[in-house]
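Now for the letters of each chain:
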Amino acid sequence: MPALSEVLYITSEPCTSESGRVEPNWYFSYSVNAVGTVTRSCYVRYNDQIWIKGPYGSESTFPMSYFTKPAESGKSEADPEVKQ
């Protein structure tokens, strides 16, 4: 799992290598820590796992259930209007 208070994001944007070549089947991901530092990485989905290849050759895997879609802004679960 990412470090405490680190948020990991996965996208549907194709990942590119340092030379600018699009990596087949790999997608862009990044993580943001508590002080706002962003770390770029690439990931591939295999079955129900996400395999992340980070900087300096680091690799990690996460279950797909770890990732959820962000909540829609402006929507709340409470009824916005109560009629009397």
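Up top is the structure.
These lines cover the structure that appears in this document, whether it is placed above or below.

Reading the values: rules and limits
- Residues numbered from 1 in each chain as written.
- Predicted model: local features only at pLDDT ≥ 70, side-chain atom pairs only at ≥ 80, totals over all residues.
- Heavy atoms only, no water.
- Helix = DSSP H or I, 4+ residues; strand = E, 2+ residues; numbered from the N terminus.
- Buried < 20%, exposed > 50% of the residue type's maximum accessible area, 1.4 Å probe, protein only.
- Contact = heavy atoms within 4.5 Å.

### A short note on unusual backbone geometry
One non-glycine residue, Asn25, lies in the positive phi region at around 70 degrees. With respect to the helices and strands, Asn25 occurs in strand S2 (residues 22–32). Judged by its relative accessible area of 58%, Asn25 falls in the exposed class. Although it is not a glycine, Asn47 sits at a positive phi angle of roughly 55 degrees.

### Some points on the side chain of Ser31
Its place among the elements puts Ser31 in strand S2. Judged by its relative accessible area of 7%, Ser31 is buried. If near-sequence neighbours (up to four positions away) are discounted, Ser31 is found in contact with Glu6, Val7, Leu8, Thr37, Val38 and Thr39.

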